[in-house]
Amino acid sequence: MDGIGELRRDVALANRIIERFGLSNAFGHVSARIPGTSTFYISTRRSPGLADEDKLLVIDNDGKVLSGEGTPNSEFWIHARIYAARPDVGAVVHAHPPACISLTQLGEPHRVVHNQGSAFTDLPEYGRIGLIRSRELGDQVAKSLGGGIAVMMRGHGISTAFKEVRAATVAACFLEESARINLGMLAAAGGDGSRVRAFTREEAQLANEQTGPAAKAADRAWEYYAAVAAQRPLGG
Ligand SMILES: [Zn+2]
């Protein structure tokens, strides 16, 4: 399989992974930049769990659909404007994972409390409620993301941005796993965030180098997520 064929396969698989792992159900989408261009592959407007590598759209950073059949997701602007703002980004995941959403609506920050959450220190938040259905709102999400790898979107979800689609997808799964642990710890601590013992910045950096979404160990996470996505039925 050539590089582009592999990329298309990974984009479709990444979409199915975020659905099979409960990060999104009917909504949510993963895209990947076509290397060296200002265009990207993205799934059509249906559940990410139904993504098909032969039915991806190609859209440019100005929101123009260049090829593919079907309607684009209404929030494709998240992807388009992050790619426009960040030439280093090769893949974007946008999902609606419940634990991350819960943290934003508790007004609690994401705290690094285990190895797989270590990449997500000082996560920015995009606070406006509502879907990202315009270029301007896409620009605002990109601005909130800044030079980072993920942005929490209050009452809505998350977006992750990495060089590679596999890392962006593993990151989204790791972040939701971490948010679930955060919620459990907060509940066990009676809602008192000061009782949550978070990693120091140095500890988080060490753990991120060893087990973060861009580390070598993340290959194993992708392999696992892909294998489960192949076995698990639609809807989990
Ligand atoms: Zn959304």
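As shown above, the structure is provided for reference.
Residues numbered from 1 in each chain as written. Predicted model: local features only at pLDDT ≥ 70, side-chain atom pairs only at ≥ 80, totals over all residues. Heavy atoms only, no water.

Student: In this structure, what is going on with the packing of aromatic side chains? I would like to understand it.
Tutor: Aromatic ring pairs are described here by two measures, namely the spacing of the ring centres and the angle between the planes. Enumeration according to the criterion identifies five aromatic pairs in this entry. Both rings, one in F21 and one in Y225, keep their centres 4.8 Å apart while their planes meet at 80 degrees; by these two values the pair is edge-to-face. Separated by 204 residues along the polypeptide, F21 in the loop between α1 (3-20) and β1 (29-33) and Y225 in helix α7 (residues 218-231) bring together distant segments of the chain. We classify Y225 as buried; its relative accessible area is 7%. (Phe/Tyr/Trp six-rings, centres within 6.5 Å; stacked < 30°, edge-to-face > 60°. Helix = DSSP H or I, 4+ residues; strand = E, 2+ residues; numbered from the N terminus. Buried < 20%, exposed > 50% of the residue type's maximum accessible area, 1.4 Å probe, protein only.)

Student: What am I meant to see in the layout of surface pockets here?
Tutor: Take a probe with the size of a water molecule and roll it over the atoms, and the empty space left behind shows itself. Within this model, the largest pocket holds a volume of roughly 530 Å³. Along the walls of the largest pocket sit 25 residues, with L7, K163, E164, V165 and R166 positioned nearest its centre. Among the elements of the structure, α1, β1, α5 (165-188) and α7 are those that each provide at least two residues to the lining of the largest pocket. Among the elements that make up the lining of the largest pocket, the one with the highest residue count is α1 (five residues). In terms of residue class, the lining of the largest pocket is built from 14 nonpolar, three polar and eight charged. Approximately 240 Å³ is the volume found for the second largest pocket. Split by residue class, the lining of the second largest pocket holds nine nonpolar, four polar and five charged. (1 Å grid on protein atoms, 1.4 Å probe; cavity = no way out; pocket = protein on both sides within 12 Å on 5 of 7 lines; lining within 4 Å. Points joined across faces, edges and corners; volume = space filled by probe spheres on them. Nonpolar A, V, L, I, M, F, W, Y, C, P; charged D, E, K, R; others polar.)

Student: I would appreciate a short explanation of helix α2 (residues 76-85) in the present structure.
Tutor: The α-helix winds at 3.6 residues per turn, so residues separated by three or four positions along the chain end up facing the same way. Counting buried positions along α2 yields eight of 10 residues, so the element is predominantly enclosed. All of the buried residues in α2 are F76, W77, I78, H79, A80, R81, I82 and Y83.

Student: Is there a simple way to think about the environment of A187 in this case?
Tutor: Inspection of the secondary structure puts A187 in helix α5. The sequence separation of A187 and R9 amounts to 178 residues, and the corresponding C-alpha distance is 40 Å.

Student: Looking at this structure, how should I read the pattern of salt bridges?
Tutor: Side chains bearing opposite charge may pair, as long as their charged atoms lie close to each other. Applying the stated criterion across every chain, the model contains 13 salt bridges. A salt bridge links D62 to R135; its shortest N-O distance comes to 3.0 Å. Here R135 lies in helix α4 (residues 135-145) and D62 lies in the loop between β3 (57-60) and β4 (65-67), a separation of 73 residues in the sequence. Here E108 ties to R111 by a salt bridge, and the two come within 2.9 Å at their closest N and O atoms. On the basis of relative accessibility, which here comes to 18%, the residue R111 falls in the buried class. (Salt bridge = Lys/Arg side-chain N within 4 Å of Asp/Glu carboxyl O.)

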